Every structure is written in structure tokens, then in C-alpha cells.
Amino acid sequence: MKETEFINQNKNKWNRYEKHLTSSSTNPEEIRELYTELNNDLSYAQTFYEKRTVRAYLNYLAQSVHRQLYKQKKEPFSVIWQAWTIDLPLEIYRARKNLLFALILFLIYAVIGAFSTHQDINFAKTILGRHYIQLTEDNIASGNPLGIYGDTSQGTMFVQITLNNIRVALMCFFGGILFSLGTHVILFNNAIMVGVFQYFFKMKGLLLTSFLTIWIHGAFEISAIVIASGAGFTLGHGILFPGSYTRLQALQMSGMRGIRIMLSLIPIFIIAGFLESYVTRNYQVLPDWSKWMIVLFSFAMILFYYVIYPLLVARKYPEKVHAAPQVNAFEKVDFKPYKIRKNIQIFRESFQLFFVKFSFFWKGIIRTAFPLIAIILVYQFFSHYSDLTVLYAYDWSGQLSILFGNPWGVAYNGLSDTLVAVFWLFPITFIALSVFFSLYSTENEFSTPLFTHYVRQRFFKMFIALLPIYFLLIVLPYFIIIPSILIFPFFILAPASVGLEEKPVLKNGYVVSSKKWNSSIVMLIVLCLTTFFFAQPFAFVVGDMGDLLDWFIDFLLPIFAEFTADPIVWTNVIRQLVYVSFIVVILPLFFIVFALLFYSVKEENEAIGLKAAFQQFGQRSRIKETNADFE
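Looking at the overall build of the protein chain
Scanning the protein chain from terminus to terminus reveals 27 helices and zero strands. Buried positions account for 48% of the 631 residues belonging to the protein chain. Partitioning the intrachain contacts of the protein chain with sequence separation of at least 6 by distance along the chain shows that 77% fall at a separation of at least 24.

Dropping the structure here:
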């Protein structure tokens, strides 16, 4: 068929397609039909009119349909409503035994605390602290026994209390990953404190006063601790009792269920913080009946949503009760780089690729970044030895400031730390190259010669691509870094562009970044929150409350004291090793997310994956399988 005849035969149809694309009323089924028919026309044009304008026109039209077909759609309100009214209650129902177990343990531990205080009043000083007990006794003498709740401004107290509740709940949850032992310890500490606190006021003749005061907010606050502990036991259950699944799959499933239960606590954290900051402080002017109403109504809300309502939902949807979360066999993931992905797909596939490619990119990291990091650690150990003899209120902040030569840190020593800060960019560049090489390479196994060649070609450009991101993180103080997160999306896809394109051009990376700002900022926030969650067991990002690493260090400190005159130095070295190890492990996840974002925007603009799909047309056989059947 001649080109003019082909155009005349189909031009009315193509004009109709263009009108459909510009129409706001286009429905998904119509778009899918357009996509299928355009594929056929474009395939024909590529075969017979490869170098003609009609092929370019159809390619443009197909890309437009492709983008509209795969563009991200907003989640309807009904999906959110279903999550809170069906999905979360069902998860709570599935975890009912773990939640009941957490409640029973809490009550037992609280009774132990009360009984111990009854036996010896000094036990309260051991648990609550001598300063707190003295302050409370002074308040009792002045006629304001619970005046401690009014010492701070309401707004500041709301933020502090809410953050404190969140971090305690997170510790309860993440403690489950230590075979549930961490959850037991944290639940024990909090329950003992509640029992001691209440019995201390009973001994002072103020049981009812304290009860009607602390349980105004405590109904939500303490319930959140118990529920978070139940989520922690759910997490630990997957590790201890994987059943017919592998431990990794069981951990995935139990982790997903635990996280969903934790999500249900978000409004509880806010309500508890609000009540403690704005209501509890006014306990002396509130009539007793109003306090009883608040306490009983709060417990009734918890009882309804976490006990009664899940039972009703489970009876209504019995077929969903035993449904297990879907888990993926990571080793069987079929990675297709050039594909338009939604944000949730990028996040999910990033974790899958992290596990699939871990051994691959880890070999590159060990060969390149590890030796440089070891040099930095040794150098900073000797140049900051006196700083390592100090205990810091925020250990993670103090130790990382020493390691990275932070100019805003208290231990900054001038030129030496400045050079160290710059030198850190070398191992970070090697980490980025190792990760991107694992995605760029078509080989199944790590090849040292290929990796060496890849690094030689791209090291300098990767260094330059990472420089503005690293500069913003290191040079700027934290109160400027936080609002500066709006700037980072303009730079984060440049490293992916350098690492993944056949002919890397640094400028292209910044152009691509500017086109994906919205998705980049969303994924950057999600990654920061993910890092925050994973860091909680050994580095509370906010606050100075003890974490699991603190407890481990407290255990080691007297042991080191037997062998060295500076035990604090060596415990600080252990902290540094833990923090650096965490950074080296979590950093590849960031680069993988940036890579999938890059692939997605490239597909939107150039339809590389779409063109590859076109090449499959006509390759499938009706009578026997070919390689195309498995694409």
C-alpha cells in the first residue's frame, strides 16, 4: 500500500484519536482501544514507511496515548474509607491474640510495679528518678500535685508529647524484630512506670486525683503503647513462627500487618498529645464528672475500634479473615527498566530490586567504598580521640558530626574536618556507581573488569552529579536543610542519568529532574520517613530517650571498663560502626528509587519501552513458543 493511500484510509480515525486525547471525558476503555489500534498502525508504518513523516506522527500519537493510559490517578475517597473501615479492622482482628497478649503482659508488669512500690517507697525513686519524685512531692505540698503538666507552653508540649508517644510506639513495634524480646523490654519498662506512678500517688492519698488526671490522656497514650506492642509481637511472630513460608516471606507478611496496625495509631497519637497538652493541665478546674466522661469515652472509643468493630467486620467478611498479604519471591522479579510506574510501584519495586541486586552491588561497594570508609574511620578516631571520651545527649548526631566533619558540629576542628567532609564524597560516589552498575549491566554475575571500565567512564561525572546534593546536606545547618527539601528534587535524578544512560550527559540529568519534581519530592519524603522508621531501634532521630543501642552500650560499658581506661571511647566507636553500617546499607535504596524515577520519566518522554514492545509485534508464533512469548 502506498503511503498516501495508507494516510487517506486512516486519517479520519487518527483525527478522532486526537480529539479523544484532548477530551476530558475520555474513559479508560476508550484509551485502551486507541492504544491497541495505534500499535497496529505504528507497527505497519515502522515496517513500510520507516523514514517517513507518518511514522514519526504515529509514534508521537502512540506516546500520547501511552502517557494518558499510564498516568497516575488520584485514589478515590472510597479507597481510604475502606482502609479504615474494613482493611485495618481486619488486620486488628487477625492480630487479636498478640494484642490480648500485650494487654495481659502490661497489666502484669504494672501490678509488679505497684507491688514493688508498696514494699519499698524508694523503688519509685529508682524507676521515676529522684528529681521527678522530689518535684512531685513539692507540688503536693503546694497543693498542685500534678502541676508538672503545666510547666511547658501548650503548643511546645503538644509537639513534644506527640513525638514522644510516636517514638515509644515505634520502639515497641521495631523491638519485635529482635525475636519480640525488644518489645517485651519496652513494654515492661512502660508498664512498671505506670504501676509505680499510680501506687506512689495512692500512698500519698491522691489515687483518685491522679487517676482522673493522667487517664484523661493516658486512655489513648497507654492504649497506643499496648497496641504498638501487639504490632511488635505480630512482627516477631513472623520471624519465630514462619510456618510454610520462608523467614523472609513471613517477615514481609508480619511486617506489613504490623505496619497497618501502627498506621491506625496515627489519630491516637494526635488526640493523646492534644489532651495532655490542652486538657490535662486544667485538671484542677475541671469538674470530676467531666473528667470521668473524658476517660470513659476515650476507653470506649479504643474498645469499640480495636475490639468490638473488628469482630463485626470479621463476621461480615469471613472470606477475608484468613487472607494473607501477597509476598513476592524476590529472586523471580522480572525487572523491566523502561516502564511508567506509579509512586507506590516505584517504592515496592525498589525494595524488590534492593534484595535481588544486593549481592551484586555489594561486591562493588566492598571493593571500592569500604577501604575508603575504613581510612576515614581510622583517621577520625585519632584526630577526634578526645571527643570520643564524651557522652552526647544525641549520640547519633554527635557521632555522625565527628565522622563526617560537620562544620556545625560541636567537635568541628577546622581544615582537617573540612577535608574529611569532602573526602566522604568519594566512597559515596563508588556506592552510587556500584548500585547503578547492577541495574545497567546485562550480566547476571558481578564482573570486575566490566565494573572497572564502567567506573572509569563515569566516575568524574557521578562525582559532579552528587556534589550539589552532598553540599546541601553537609554545609547547611539542619534548620535550613528541612525547608531545602524542595530544592533536592532538581538534582536527585542527575546521578541516575549519569549511571544509566549509554552516553551520560550531566545536563540531561538536571532536565529530567525538573520534569519529575512532583514524584521526586513525594518519593524523597517517603524515603526520609522510611529511614526514620528503620533508624529507631538504634538512633532516635528526635529526642534523647534510650534506644536498643543505648541498652546494648550500657551492657558493654562495665565490661570495657575492666580492660581499658577509656571505655566510653570504645563504646562510641561501636556507635560509629553501627551508624556508618546503616548509612551504607540504606543509601543504595535511595539510588534505586532515583533509578526507577529516572526510567519512568524517560519512558514518558521517549517511550523507549513502548518502542521495544512494538518490535515484538509479529514475533509470536501460533504453533510454537518463541522468546517473545516470555517477554
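Quick word on the side chain of Q380
Counting through the fold element by element, Q380 comes out in helix α16 (residues 358-383). Setting aside residues up to four positions removed in sequence, Q380 forms contacts with Y385, I402, L403, G405, D417 and V420.

A short note on helix α9 (residues 181-203)
Its 23 residues place the ends of α9 33 Å apart at the C-alpha level, agreeing with the 33 Å of an ideal helix rising 1.5 Å per residue. G205, located one to two residues past α9, shows a positive phi value of around 75°.

Description of the packing of aromatic side chains
Tallied over the entire structure, the rule returns 43 aromatic pairs. Residues Y305 and Y306 carry aromatic rings whose centres are separated by 5.3 Å and whose planes lie at 80° to one another, so their mutual orientation is edge-to-face. Each of the two residues, Y305 as well as Y306, counts as buried. Taking the centre distance of 6.2 Å and the plane angle of 15° together, the rings of Y305 and Y309 count as stacked. Of this pair, Y305 and Y309 both sit in helix α13 (residues 288-316), four residues apart, roughly one helical turn. Each member of the aromatic cluster is reached from another via a ring pair, and the members are F354, F355, F358, F361, W362 and F370. For K357, the ring lying beneath its charged end belongs to F360, and the centroid distance is 5.9 Å. Directly above the ring of Y440 sits R458, whose terminal nitrogen or CZ lies 4.7 Å from the centroid.

As for the layout of surface pockets
Empty space within the second largest pocket amounts to approximately 1,200 Å³. Every residue lining the second largest pocket is counted, 33 residues in all, and those nearest its centre are Y132, N164, M193, E221 and E276. Of all the secondary structure elements, the ones that give two or more residues to the lining of the second largest pocket are α6 (122-128), α8 (154-174), α9 and α10 (207-240). Among the elements that make up the lining of the second largest pocket, the one with the highest residue count is α9 (eight residues). Grouping the constituent residues of the lining of the second largest pocket by class yields 21 nonpolar, nine polar and three charged.

With respect to a nonpolar patch on the surface
Judged by side-chain polarity, L100, L103, I104, L107, I108, I112 and F188 come together as a nonpolar surface patch covering roughly 590 Å² of accessible area. Among the elements that take part in the nonpolar patch, helix α5 (residues 96-119) stands out by supplying six residues, more than any other.

Focus: the pattern of salt bridges
Within this structure, the stated rule accounts for ten salt bridges. When the shortest N-O distance is used, the salt bridge between E91 and R257 registers 3.5 Å. Placement of E91 in helix α4 (residues 77-94) and of R257 in helix α11 (residues 247-263) is noted, with a sequence separation of 166 residues between them. A salt bridge links E349 to K339, with the shortest nitrogen-to-oxygen separation between them at 3.4 Å. Of this pair, E349 sits in helix α15 (residues 343-356) while K339 is found in the loop between α14 (318-321) and α15, placing the two residues ten residues apart along the sequence. Residue class for E349 comes out buried when judged on its relative accessible area of 15%. Taken together, the shared-partner salt bridges in this structure form one network comprising E91, R94, R257 and R260.

Remarks on unusual backbone geometry
Of note in this structure, S180 is not a glycine but carries a positive phi near 75°. As for its position among the elements, S180 is in the loop between α8 and α9.

Things to note about the environment of I177
Considering the arrangement of structural elements, one finds I177 in the loop between α8 and α9. Here the alpha-carbon distance between I177 and I239, two residues 62 residues apart in the chain, equals 7.5 Å. With residues near it in sequence (within four places) discarded, I177 still touches L235 and I239.

Considerations on α15
Here α15 spans 20 Å end to end across 14 residues, near enough to the 20 Å set by a 1.5 Å rise per residue. Listed in full, the buried residues belonging to α15 are N343, I346, E349, S350, Q352, L353 and F354. If you follow the buried residues of α15, they end up packed against α16, α19 (425-440), α24 (517-535) and α26 (567-606).

Some points on the environment of V585
Mapped onto the secondary structure, V585 falls in helix α26. Relative accessible area serves as the criterion here: at 35%, V585 is assigned to the partly exposed category. Between the C-alpha atoms of V585 and W362, which are 223 residues apart in sequence, the distance is 9.1 Å.

About the thresholds
- All residue numbers refer to position in the chain's written sequence, counted from 1.
- Local features in a predicted model are, by the rule used here, given only for residues with pLDDT of at least 70; side-chain atom pairs are given and counted only at 80 or more, and totals for whole chains, interfaces and linings are based on all residues.
- Only hydrogens and water are set aside when side-chain values are computed; all heavy atoms of the structure are taken into account.
- A helix here means a DSSP run of H or I that spans at least four residues, while a strand means a run of E at least two residues long, and both kinds are numbered starting from the N terminus.
- Each residue's exposure class comes from its accessible area (1.4 Å probe, protein chains only) as a fraction of the maximum for that residue type: buried when under 20%, exposed when over 50%, partly exposed otherwise.
- Pairs of residues are marked as contacts when any of their non-hydrogen atoms sit within 4.5 Å.
- By this rule the span expected of a helix is its residue count minus one, scaled by 1.5 Å.
- For Phe, Tyr and Trp, where Trp contributes only its six-membered ring, two rings pair if their centres lie within 6.5 Å, and the inter-plane angle classes them as stacked under 30 degrees, edge-to-face over 60, or tilted in between.
- Note on geometry: a ring has a charge over it if NZ (lysine) or CZ (arginine) is within 6 Å of the ring centre and within 35 degrees of the ring normal.
- Both cavities and pockets are sets of points on a 1 Å grid over the protein atoms alone; in a cavity a 1.4 Å probe fits but cannot get out, in a pocket the set is open with protein on both sides within 12 Å along at least five of seven lines, and lining residues sit with an atom within 4 Å of a point.
- Grid points are joined across faces, edges and corners, and a volume is the space filled by probe spheres set on the points.
- Note on residue categories: nonpolar means Ala, Val, Leu, Ile, Met, Phe, Trp, Tyr, Cys or Pro, charged means Asp, Glu, Lys or Arg, and polar means any other residue, Gly included.
- Patches here: salt-bridge-free residues with over 30% relative accessible area, like charges joined within 9 Å, nonpolar side chains (Val, Leu, Ile, Met, Phe, Trp, Tyr) joined within 5 Å.
- Accessible surface area values rest on a Shrake-Rupley calculation with a 1.4 Å probe, where residue burial reflects the displayed protein chains alone.
- When a carboxyl oxygen of Asp or Glu lies within 4 Å of a side-chain nitrogen of Lys or Arg, that pair is called a salt bridge.

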